[in-house]
Structure formats: C-alpha cells, structure tokens
Amino acid sequence: MNSPADPPSAPDQSRPEYQNEGIRTLLAMFDHGDPEQRLRLGQILQGLQQSAFGVFLFVAILPSFIPIPGMGGAVSGPLVILIGAQMLCGLRRPWLPGFIGNHGPKRGTMHRFLARIDGPLRRLDRMLKPRRAAFLVPLPAHAFTGLLLILIGLLLSLPIPFTNYLFGFQLLLFALALLERDGSLMLINWIGAVAAVLFFSFSSGQLVHYLTELFQRWF
C-alpha cells in the first residue's frame, strides 16, 4: 500500500498508528519501516477497539503458513485457543500474558506474508463491509465464535497431515470477518468451521481422543 499523501513527521516506529481498523490499515501498518524491526503483540494491539481480536488472530495464524511439518500448528494452535477462550468468556478485548505480549513477528516477515496474499486481500476489501451485526456483536454470537476458534485451534495443534494451510486459511477468514465486522462472512465461517470440526474430529479421531484425555486429566 502506498504511503499517505501528507509528508511524514518522524513517526515513532515502536508504535504503529491506526487510522481505521480494517484490511487497508493492516496492510499499511506492515508495509513500511525497518524489515528487521520486531513488532510486539502488545504494541500491535494497543489502542485497538473492536478489531483487536481480528488483528491478534491475523498475527497468530502466520506460523501455520510456514512449510515445516508440525512447526506452524504447534505455535499457532495454542494462540488461537487463547483467543477463542477469551471470546468464549465474553472478553471484548484480548488479554495478553507478558511472555506473549513481548513477542511478535518481524515487520519483514509480515510484509512477505501480506505480499503473498495481497491480491485476494484487496479483492476481499472491495466485498467486505460492516453488516449483520447479529453474528458478531451479541454475547452468544461472540462466544460461539470463540468456541469454534478453540476447536479449530485444537485441530491445528494436532499432527494431522496437510491441514496447516487449510485451517490457516479458515482462520484467516475468521480474522477478516472480525476486522471488517462482516457478519455475512462470519456466518459462512461458522458453517465451514462446524463442517471441518465434524469431519476431522470423527475421521481422524484425534480431537475426540485429545478432549477425552484433557477431560480426564482435569476432572
């Protein structure tokens, strides 16, 4: 994305500035600056309001697109579960433990990732818009989205072959729905996520086995 028309006035590289909270802002945020600068999650989310979960999810899924077997899901999965758990509990803004808030991707890494998906993102930007708030704003809808994120995060964490990109793309659509406040896309995500959870949990049996072990350990 091109830089703003107004001349810059020595921007503070440590505090990304947001003019809005949609896809265009996300693209602009990572487009300029030192590629080696590490963007801490706490700084990225600071000052955001309704799109904070969307931005957090967008950053969290980046490792799932790394072509190293087991690597991406092991990092992205727990982060997605953390996001989903907070939404399920009714939080409207993410809470970050210090060891997570003080870490984050390099600007260059995010820039390369965004460059790969720049075309689809810009096409989506023309289609997505705030609508159907009933699938986003009410607490039951917010919590249901969180529950689905937990389940997809669990699947992403498991060593199911050839699924990192699939779940990563699905979570990317969740992030875009949250960023653009698009309830229509969120409804589509709900349907897709329920189908994915049912298919992979019963076809592989790993999710059911994992949840059974977790339940027995806790209770």
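The model shown is predicted, which means the values in this text are computed figures rather than measured ones. (Residues numbered from 1 in each chain as written. Predicted model: local features only at pLDDT ≥ 70, side-chain atom pairs only at ≥ 80, totals over all residues. Heavy atoms only, no water.)

Draft legend 1. Quick look at the layout of surface pockets. The space that makes up the second largest pocket amounts to roughly 430 Å³. Every residue lining the second largest pocket is counted, 17 residues in all, and those nearest its centre are Pro-63, Val-75, Leu-79, Gly-104 and Pro-105. Of all the secondary-structure elements, those providing two or more residues to the lining of the second largest pocket are helix H3 (52–60), helix H4 (71–88) and helix H5 (98–101). If one sorts the elements of the lining of the second largest pocket by residue count, H4 sits on top with three residues. Class assignment of the residues belonging to the lining of the second largest pocket gives a composition of twelve nonpolar, three polar and two charged. (1 Å grid on protein atoms, 1.4 Å probe; cavity = no way out; pocket = protein on both sides within 12 Å on 5 of 7 lines; lining within 4 Å. Points joined across faces, edges and corners; volume = space filled by probe spheres on them. Helix = DSSP H or I, 4+ residues; strand = E, 2+ residues; numbered from the N terminus. Nonpolar A, V, L, I, M, F, W, Y, C, P; charged D, E, K, R; others polar.)

Draft legend 2. Just the nonpolar core, in detail. Residues Leu-57 and Phe-58 are the most contacted members of the largest nonpolar core, which totals 58 residues. Those elements giving two or more residues to this core turn out to be helix H2 (41–45), H3, H4, helix H6 (107–116), helix H8 (139–157), helix H9 (164–180) and helix H10 (183–204). The dominant element in this core, judged by the number of residues it contributes, is H9, at ten residues. Beyond its immediate sequence surroundings of up to four residues, Leu-57 is in contact with Val-80, Ile-83, Leu-149, Leu-171, Phe-174, Ala-175 and Leu-178. (Core = buried A, V, L, I, M, F, W, Y, C linked by side-chain atoms within 4.5 Å. Buried < 20%, exposed > 50% of the residue type's maximum accessible area, 1.4 Å probe, protein only. Contact = heavy atoms within 4.5 Å.)

Draft legend 3. Expanded view of the pattern of salt bridges. On inspection of all chains with the given rule, the structure shows one salt bridge. Between Arg-131 and Asp-182 there is a salt bridge, with the nearest N and O atoms lying 2.9 Å from each other. Of this pair, Arg-131 sits in the loop between helix H7 (118–127) and H8 while Asp-182 is found in the loop between H9 and H10, placing the two residues 51 residues apart along the sequence. Judged by relative accessible area, which is 32%, Arg-131 ranks as partly exposed. With relative accessibility at 0%, the residue Asp-182 sits in the buried group. (Salt bridge = Lys/Arg side-chain N within 4 Å of Asp/Glu carboxyl O.)

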